[in-house]
Amino acid sequence: MPDATSTALRICPLCEATCGLTLTLAGTRVTGARGDRQDVFSAGFVCPKGASFGEVDADPDRLRTPLVRTDGELREATWTEAFDHIAARIRPLVEEYGPNAVGIVLGNPNVHTMAGALYPPLLIGALRTRNLFTASTLDQMPKHVSSGLLFGDPFAIPVPDLDRTTHLLILGANPLESNGSLCTAPDFPGRLKALRRRGGTLTVVDPRRTRTAALADRHIALRPGTDALFLAALAHTLFDEGLTDLGALAAHVEGVADVREALRDFTPEAVADACDLDAATLREVARELAAAPSAAVYGRMGSSTVEHGTLANWLVDVLNVLTGNLDRPGGALFPLSATAPAPRPAGPGKGFALGRWRSRVSGHPEAKGEFPTAALAEEIETPGEGRIRAVISIAANPVLSAPDGRRLDAALGGLDFMVSVDPYLNETTRHADVVLPPPPPSQSAHFDFAFNGFAIRNQARYTPAAVPLEDGRMDECEIHARLILAVSGMHGASPSAVDDLAVDSALAKAVAQEHSPLHGGDPQEQARLLAGRTGPERRLDLMLRLGPYDLILEDLLRAPHGIDLGPLRPRLPQVLKTRSGRVELLPQPLAADLPRLRAALASRRDGLVLVGRRHLRSNNSWLHNVPSLTGGSNRCTLQVHPADADRLGLADGKPARISSVGGALEVEVEVTDAVRAGVVSLPHGWGHDRPGARLTVAAERPGVNVNQLLDGSLLDPLSGTAVLNGFPVDVTPVP
Ligand SMILES: Nc1nc2c(c(=O)[nH]1)N[C@H]1C(S)=C(S)[C@@H](COP(=O)(O)OP(=O)(O)OC[C@H]3O[C@@H](n4cnc5c(=O)[nH]c(N)nc54)[C@H](O)[C@@H]3O)O[C@H]1N2
Ligand SMILES: Nc1nc2c(c(=O)[nH]1)N[C@H]1C(S)=C(S)[C@@H](COP(=O)(O)OP(=O)(O)OC[C@H]3O[C@@H](n4cnc5c(=O)[nH]c(N)nc54)[C@H](O)[C@@H]3O)O[C@H]1N2
Ligand code: SF4
Ligand SMILES: [Mo]
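Residues numbered from 1 in each chain as written. Chains lettered and ligands numbered in written order. Predicted model: local features only at pLDDT ≥ 70, side-chain atom pairs only at ≥ 80, totals over all residues. Heavy atoms only, no water.

### Overview of the packing of aromatic side chains
How two aromatic rings sit relative to each other is set out by the distance from centre to centre and by the angle between their planes. For clarity, the cut-off: Side-chain rings of Phe, Tyr and Trp, where Trp is taken by its six-membered ring, are said to pair if the distance between their centres is within 6.5 Å; with planes under 30 degrees apart they count as stacked, over 60 as edge-to-face, and otherwise as tilted. Only DSSP runs of H or I reaching four residues or more are called helices, and only runs of E reaching two or more are called strands; each is numbered from the N terminus. Only protein chains enter the accessibility calculation, which uses a 1.4 Å probe; a residue is then buried when its area is under 20% of its type maximum, exposed when over 50%, and partly exposed in between. Look at NZ for Lys and CZ for Arg. If either is within 6 Å of the ring centre and within 35 degrees of the ring normal, a charge sits over the ring.
Going through the model one piece at a time under the given rule, you end up with 5 aromatic pairs. Note on Trp-79 and Phe-83: the rings are 6.2 Å apart at their centroids and 20 degrees apart in plane angle, and the pair reads as stacked. Taken together, the residues Trp-79 and Phe-83, both in helix 3 (residues 79–97) and 4 residues apart, mark about one turn of the helix. Classification of Phe-83 as buried rests on a relative accessible area of 3%. Geometry around Tyr-97 places Arg-389 over its ring, the cationic atom sitting 3.6 Å from the centre. A cation sits over an aromatic face here: Arg-539 above Tyr-119, 4.9 Å from the ring centre.

Quick look at the structure:
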C-alpha cells in the first residue's frame, strides 16, 4: 500500500447541502476532509458530518462482499452467486403471481447517489409493479402533490431565494441542524445570518425553540399540526385587509377569487385557539409579509409530515403568490438544473392526476405513482391476489424510519424473498435473502441529479471517484444495472446494456422533440458522440447535452470545483404544465380537503403531542455507527417542558413511559423549556437493538424507535404521507 498523501475532491453525500469536500488521502485511505474553498457553490463550508467523511467511509461494519442466505443464514458470497440467486428467485414469483408480487422500497440515500437517481426508474419500469414505496411518503410528498396540482409538475418546487430575500418565513424546518431541505444551500446557517446582517427579517414557526428559531427576529411556537390553519389565516388576512398584490404574476394565475372565498372562515380569530396563538400575532405576520420588499415563505418537515400536510404546503405557495413573491428574485423561485430537460415552450400541459390507482388493502390513492410507506406491512401481510411476496429495498431502513417497525419487521420476516442494496446489515436488511453492498462513498463518483433541482443557485459539479474501487467491490451503478437485468429476465447480459437502453430511449425521444437541442439529429450518431468512461458518465453526458446550458461532461471534468450557472431566474409561465397553462391556485382536490381543515378549527386538543427533532451529527437511521459522530451525552431523550414535567411527575435524567396508538417505549426524560408546553420531542432513526444487525457502535447505545408509537393509520390523506409530527401521546413516570 503506497503511503504517499494526496488530495481528491468529493461532493458530500451526507445531507442536501451538497458541499464540496477536499479529502486527504494516504494511499487509498481517507484521512481527513475539509471544505473545498474553491467550490463554486459551497466555498469551503463543511459541517461536523462532512468533516467525519473519512470515518463514515471507513466504518469497519460496512459490508465488503454480498451476503446470500443459505440454510437460514446470511453468508458471504460472490457477486455472481448473489445475482444468480436473485434471478432464480424473483422471476418465478413474477411469472406465477404477476408484477405486483414484488414491492420496491426506496430510501433516502438514493437521492445522494448517482445510482439512486439513474437506475430505480428503470427498475420500476422493468418490473412494472405498482407496489412502490419510498421515503417521500415519510417526508415531502405533500410538496410534490401541492406542486403537481398548482403548477402541473410535482417537481416544480419553488425554493426561497435565500441570498436576496429581505423577509423569510420558515415553518417546521430547522436548517441549523438539518443544513436545509428542498432548499439546497451550503452554509444555510451563514446565509440566514447574512439575511439578518443586510437588514432582512427572519420569522421561525416551530413548537420548539430550535437553534434556527434562536437566530430569528421572531419565533412563533404554535401548537404542532396547525400550520395549515396558521397559513390559511395569513392568506385570509391578506384578502381581508386588501394586502394581496400579485404584480406581474397576475397574468399567470387563476383561481385567486376562489381561494379568497374558500378561506373565508379561516380568520385569525377563528384559528387562534387551535394554533394557541394570538389573533393579533397572525395579523402582524401577514402584514409584515405583505409589506416586505421581497419575501419567501418556506415550510419543511414540521409542516409536511402532519395531518394537513398537503394543505399546508399548498398554502405556503398560495402566500408566495398572493404577495407577488413567487417567481421573482428575493421571493421563491424555480431552479433550473443542468440535467433538467431543455425547457419546452410555455403552454398548456397534461396536468397532474392523483389516485390513478389504489392500494389493494386499504384503498390508498397513489400519489406520484407511490403508495404510503406506512401501508407497506399490510400489503405484505394480507393474503390474496396481488400480495407482496418479494421486496427489493434500496438504501432504505423502513423498520426504523416508518410507522410501526415491529409490524414491518415481522412482515419482512415472512416474505418469500428479499433483496437489499445497502452497505449495512441493519434492522431492515437483516431480513434480506441477498444483500448487495455498494462501495463506500470515496469509491463512487458523484453528481447531484436531485438536489441541483432544488438549489438556491444554478450550478453543476461532478466529482469522479476519489479512490479506485477496492478489489472485490462493485460500483453501485453496476449493482443496480445487474439487479435490473436479474429481475427482468436478462440475467447475464452486460450491465452496459441497461445504460445503452436508457441512452437510446432518451435520444429517440429527444430527436423527435422540437424544443430539444438534439432535435432532428441522428440518434446513433449522437450516441457515438457521448464521452464518459462508464455507463453512468455517458448518461450524465447525454443529460447535459439535452439540458438547458449547452454543457457536456468534458466541461465538468475540466472544472473540478464546479461551474456556476448564476442566480435563479424567473421561469413562469414556461415551468407550468397544468392543463390551463396557468398556476391553478385552487385545485379541486385541495378545495375538497378544506372541510377537514375547517373541522380542525373546533378540535382543540389539550393532551400532549409529540414532535421529532434532528441533530447536526446524525442522519436519519444510519449514522449512529460512527464514533466521532455519536460521542457525548445521550441524544435519544424525550424533551419535556418543565410545566409538563411538574404536572406529570417527570424528572430530568429519569425514565418515562411514552405510549400512543402503535405501542409504548421507555425513554430518558430531558426537561427543557426549548419545547413549548403541551409538546414532547423525541428524535427518529434510533432503536438499534434488534438481533442479527451488524452495527457494533450503534448497538452499544441503541436508543428507542419513536416510530413504534405509530400504527401507520395516521396519514395526510391527499399524499399518503405519515403523520410523524403532532400526534397524541401519553407520558408517565417509570417508578
Ligand atoms: N418519526 C420520524 N420518522 C422519520 C422522520 C422524522 O422526522 N420523524 N424522517 C423521515 C424522513 S424525512 C426520511 S427521508 C426517512 C429516511 O429513512 P430511510 O429512507 O430509511 O433512510 P436512512 O435512514 O437515511 O437510510 C436508509 C438506508 O440507506 C443505507 N445507505 C447509506 N448510504 C447508502 C448508499 O450509498 N447506498 C445505498 N444503497 N444505501 C445506503 C443505510 O445503511 C440505511 O440502511 O425517515 C423518515 N422517518
Ligand atoms: N443533521 C441531520 N441533517 C439532516 C437529516 C438528519 O437526520 N440529520 N435528515 C435529512 C432529511 S432526510 C431531511 S427530510 C431534512 C429535514 O430538514 P428539516 O425539515 O429542516 O428538519 P427537522 O429538523 O426535522 O425540522 C423540522 C422542525 O419542525 C418542527 N415541527 C414539528 N412539528 C411541527 C409543526 O406541526 N409545525 C411546525 N411549524 N413545526 C413543527 C420540529 O420541532 C423541527 O424543528 O434534513 C436532512 N438533513
Ligand atoms: S452540510 Fe451536509 S453536505 Fe455539507 S458537509 Fe455537512 S453533511 Fe456534508
Ligand atoms: Mo427526508
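### So, the side chain of Ser-337
Which entries qualify depends on this criterion: A contact between two residues is defined here by any heavy atoms of the two lying within 4.5 Å.
Tracing the chain through its elements places Ser-337 in the loop between strand 14 (332–333) and helix 16 (376–381). Setting aside chain neighbours within four positions, we find Ser-337 in contact with Asn-452, Gly-453, Asn-458, Pro-548 and Tyr-549.

### A few points about the packing of helix 3 against helix 19 (residues 476–487)
Rule in force here: Only C-alpha atoms enter the line fits that serve as axes; for helices the fit covers just the stretch in contact. Angles between N-to-C directions range over 0 to 180 degrees. It is the rotation of the near helix from the far one that decides the hand of a crossing: anticlockwise by less than a right angle makes it left-handed, clockwise makes it right-handed. For this scheme, ten residues count as nonpolar: Ala, Val, Leu, Ile, Met, Phe, Trp, Tyr, Cys and Pro. Four count as charged, namely Asp, Glu, Lys and Arg, and the remainder, Gly too, count as polar.
Viewed as axis vectors pointing N to C, helix 3 and helix 19 meet at an angle of 35 degrees, and their least axial separation amounts to 8 Å. The element helix 3 and its partner helix 19 pack so that their crossing is right-handed. Contact with helix 3, carried on its side by Trp-79, Phe-83, Ile-86, Ala-87, Ile-90 and Arg-91, involves Ile-479, Arg-482, Leu-483, Ala-486 and Val-487 of helix 19 and no other residues of that element. Of the residues that constitute the contact of helix 3 with helix 19, the class distribution is 9 nonpolar, no polar and 2 charged.

### Some remarks on the site of ligand 3
Quick reminder of the rule: By convention in this text, a residue qualifies as near a molecule or strand provided that one of its non-hydrogen atoms is within 4 Å of it.
Taken together, Cys-12, Leu-14, Cys-15, Ala-17, Thr-18, Cys-19, Phe-45, Cys-47, Lys-49, Gly-50 and Asn-179 are the residues near ligand 3. Classifying every residue of the shell around ligand 3 by side-chain character gives 7 nonpolar, 3 polar and 1 charged.

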